Amino acid sequence: MKLFTLYHGVWVLGLMLCLGLWVHCDIPHDLSGAYLHGDFNCAILSSIHSKVINLHNRRRPEPFICSGFDLGSYLELLAAIHTIEEINDSKFLPGIKFGYQVCDPCASPTKALHCLEHLLAINGSLPVLSDFSDFRPSMKALLGERYSELSIAVAKLLSLYMFPQISCTSSTPVLSDKLRYPSFMRVVPSDVHQAKALAKLMESFSWSWVGVVYGDDDYGRAAHQSLRQEAEGKVCLDFEMVIPHYLDHVEIDKYIIDVVNTIKASSAKVVVLILKDKLVAKIFKEMIQANMSRIWIASDAWSMYRPLAKMPDINKVGDILGFSFIMGNIPGFEDYLKNPRPSPGAKNVFIEVYKELRRNCSTSPLNCSVGDLLDVMDLRDVYSRRVAVYAIAHGLKKLLKCNETACPGNIDFPPWQLVESIRSVTFTLDGITHSFDEYGDFTDGYDLIRWTKNNDGRIIEVIGQFILKKGEVELRSEYQGITLTPSKCSESCPPGTSKGVVNTVKSCCYNCTECPEGTYTNTSDADRCHDCPKDQWSTKKQTKCEVFQYTYLFWSDVYPTILLVATAIGITLVFTSFIIYYIHRDTAIIKMANIKMSSFMLLGLMVSFVSVIVFIGRPNDHLCRAQQAVYGFGFTLCVSSILVKAYRTFLAFMIFETNTKHQLKKLYKPLINVLVLTGGQGVILLFWLIFQPPKEETVWPGQSGMVKYIVCIEGSIVGFAVMHCYIALLAFICFILAFKVRRVPQDFNDTGIIIFSMLIHLFVWLCFIPIYINKNKTEQQHIVQASAVLASNYGIIFCHFVPKCYIVLWDLSWNSRSAILGRLRRHTRRNMRNADITVLQEAGTGAGPVESAQAVGTISKDALRAYMVLSTFPLQRLLL
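Residues numbered from 1 in each chain as written. Predicted model: local features only at pLDDT ≥ 70, side-chain atom pairs only at ≥ 80, totals over all residues. Heavy atoms only, no water.

A.B. asks: Which residues make up the pattern of salt bridges, and what values do they have?
C.D. replies: In the structure shown here, the tally under the stated rule is 24 salt bridges. For lysine 278, the salt bridge is made with aspartate 70, and the minimal N-O distance between the two is 3.7 Å. You can see lysine 278 sitting in helix α8 (residues 277-289) and its partner aspartate 70 sitting in the loop between β4 (66-69) and α2 (71-90), a full 208 residues away along the chain. Overlapping salt bridges bring together Asp70, Glu76, Arg146, Asp277, Lys278 and Arg385 as one network. (Salt bridge = Lys/Arg side-chain N within 4 Å of Asp/Glu carboxyl O. Helix = DSSP H or I, 4+ residues; strand = E, 2+ residues; numbered from the N terminus.)

Here's what the structure looks like:
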């Protein structure tokens, strides 16, 4: 018994030496670490060891020395072997024994070719032929490799023979190229889809500012390039760092330090790691020492690497999410792992090596390099090996035309015949249907996983999926409320703003710019503001466009109501004044007011008041013309009548030479004067309305408003100005004439009220000009002009008519002939000096014309005017 134990120990030690764990021994005839001879044999490439020692110093084609027992690859190999044994036990291939032969490439593409040379050799060597159509090696298919770089190297050689190759994890997009790799297939999606999944994941959690670290191998470079393409315009990469993928690279630690320093200096809160699991472990170790945390997104290369979830202080690195290939449970696999052993007739050196390493752990825990499979690995992650083996089995079953009892086809077929047979199969395994697409890939999708904190370690949970056909990340119901820290270069831009890019290279860095007038955004982080549809508009920073509001002086509005009330009161006063004047036309005060001219004044005021009504309501071309024409004509008639009255008083009391006075009296033709003066305004209005009349116009005063005004524009500003200037000129002449004879007794003229009413008019319209210009082209413009019209009209009514109506109705004593003459004499006495009276008495009352008294030269003008009233100018002329 002791002798057997000693022999067993020596055998295992020699085996470990021969496998290159510590030293190298030459195996000239057999590089296989595990095999089972069968009727159908499948080659398996599995990197049980993670690196080749001193590969960078290799100068001669000497044997490779491998180290680093990789539990992940070992578990994957056992899953494939367990599935093969299940197929053999189930008689899935009647009469056919499924065999295998395993070679360990130690994660080296060069050694993988060495393995391939061994596996395909016939009688110890590879034949060199011009036509390999009848090339019939003992191996008919190849399962592997784990790493894309190795699969690419192997696939290039296998394409020469059209030898079927199926990988369970190599996901680099280049392997989908059937012109370069026509016999390669895989039971996982291409990394093109993983890049889409990563981009969707970042979009789901509002991560638009991330960093990327990838390995300098075919897998890392291809996955990084696919991610860049998918992220363009959606996600910005703050940094992109590449590190050597060989673990024994002489400067690997320096690269790791540089990566950690870059992550530390970056503002990105999310980092994507497209690396081997051992490299991720090195980065995490440095991050823990630096006491830094980030959100990590794992590629499929390490997302299920459980030893990393148990490393010391793993909870300090931050949240970890990622994608893994869709997982499943292999029936009976967990029980198989409790005591793995080769089936009858099989050989598996790797099982013995693992058991020996585990025994070393029990005797020297500090030097333990491997853990228990059931503790350190997630068995679901190797489910794809089961799928791959069954894909080969289904393809073989189809090729050999197997039925329930036998497989009548020729088992010694050339391998190229199996390629199309496998690629075209559709099979159901564990309730799920599988098939290859035209590129030899599976297109099922990915599981979204999260590393959840569990005491001092992490547990890996599936929280959702990315189904390729849907193209969306879907969280499971219990994880719908998950929230993670956003990572953005700039804060989110709210609706009503757009992103103003400040960095043309990294479009995720931007300032939020308010949408200008006429544009809008109704989503956050919009790239640009959208133009409003036709007939709609928006003000600044709006989330929608609205239909324009069209406004004018509506009849129901406050200001138009006030204007209408004021107009109604004015018209009532005009009618009332006319009635009172007509009824009391024989009284002295009404006779002196000249009822004929007063009637023309009231008519003009009536027309002017009517013009105010035309300013209210929706304008049109006809109403716009009526507004100006009616007011201009009516108020000109009123002012013309006042001018005639002023001229009459001017002639009566102004001192002139005889000839001059005679000539001036010829001009006093009241009706003709009114017609001519009003007719002048008519000519102005006629030319204005013919050549460039006022018209309706929809005015938009500025892009900052949502209101368009329907207004009347002047048409010709010259016509508008000339009309008002003409009225102002008449008013000014009235003012001058009245001012010249302002000291005449008020019973015999209206000089005072003419002066005051014309001053009101001129003041109102002088104020009107700047206000009118400031309110130009809005409905307020109409309010200003209508208000000015009302103010002028009321000025005339209250100056000329209301006082006289009051006297006529309530102060009859003031309106008698005797009272008027008494006030006249008292006024005359007050304005004549004693010397003037003496001179006039000596000249004799009524003895001669006014001119003789004027010749005295010592009499004041006031005395002469009083003398005119008392003597030479008949009183009845003023009373008629």
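Next, the rest of the story.
A.B. asks: Quick rundown of empty space enclosed by the protein? Include the residues and the values.
C.D. replies: Enumeration according to the criterion identifies seven cavities of 30 Å³ or more in this entry. Looking at the lining of the largest cavity, the elements that each hand over two or more residues are α2, α4 (148-161), α6 (218-231) and α8. At three residues, α2 tops the list of elements feeding residues into the lining of the largest cavity. Considering only residue class, the lining of the largest cavity consists of 13 nonpolar, seven polar and ten charged. Of the voids in this model, the second largest cavity is the one considered here, and its volume is about 130 Å³. Considering the residues around the second largest cavity, the lining is formed by 15 residues, among which Leu45, Ser46, Glu76, Gly144 and Arg385 are closest to the centre. Counting only elements with at least two residues in the lining of the second largest cavity, the list comes to β2 (40-45) and α2. The element contributing the most residues to the lining of the second largest cavity is α2, with three residues. Here the residues of the lining of the second largest cavity are counted per class, giving six nonpolar, five polar and four charged. (1 Å grid on protein atoms, 1.4 Å probe; cavity = no way out; pocket = protein on both sides within 12 Å on 5 of 7 lines; lining within 4 Å. Points joined across faces, edges and corners; volume = space filled by probe spheres on them. Nonpolar A, V, L, I, M, F, W, Y, C, P; charged D, E, K, R; others polar.)

A.B. asks: Help me get a handle on the sheet that holds strand β9 (residues 209-215), residues and values and all.
C.D. replies: Spatially, eight strands are ordered β10-β9-β11-β12-β13-β17-β18-β19 in an open sheet, and the strand pairing comes out mixed. Looking at strand neighbours, the two that pair on one side only are β10 (236-243) and β19 (472-475), the edges of this open sheet. Taken over all neighbouring pairs, the strand axes of this sheet differ in orientation by 25° on average, direction set aside. As paired strands, strand β18 (residues 457-467) and β19 are joined by four bridges and run antiparallel to one another. When the bridges of β19 are listed, isoleucine 467 appears paired with glutamate 472. (Pairing = 2+ DSSP bridges. Axes fitted to C-alpha atoms, helices over the stretch in contact; angles between N-to-C directions.)

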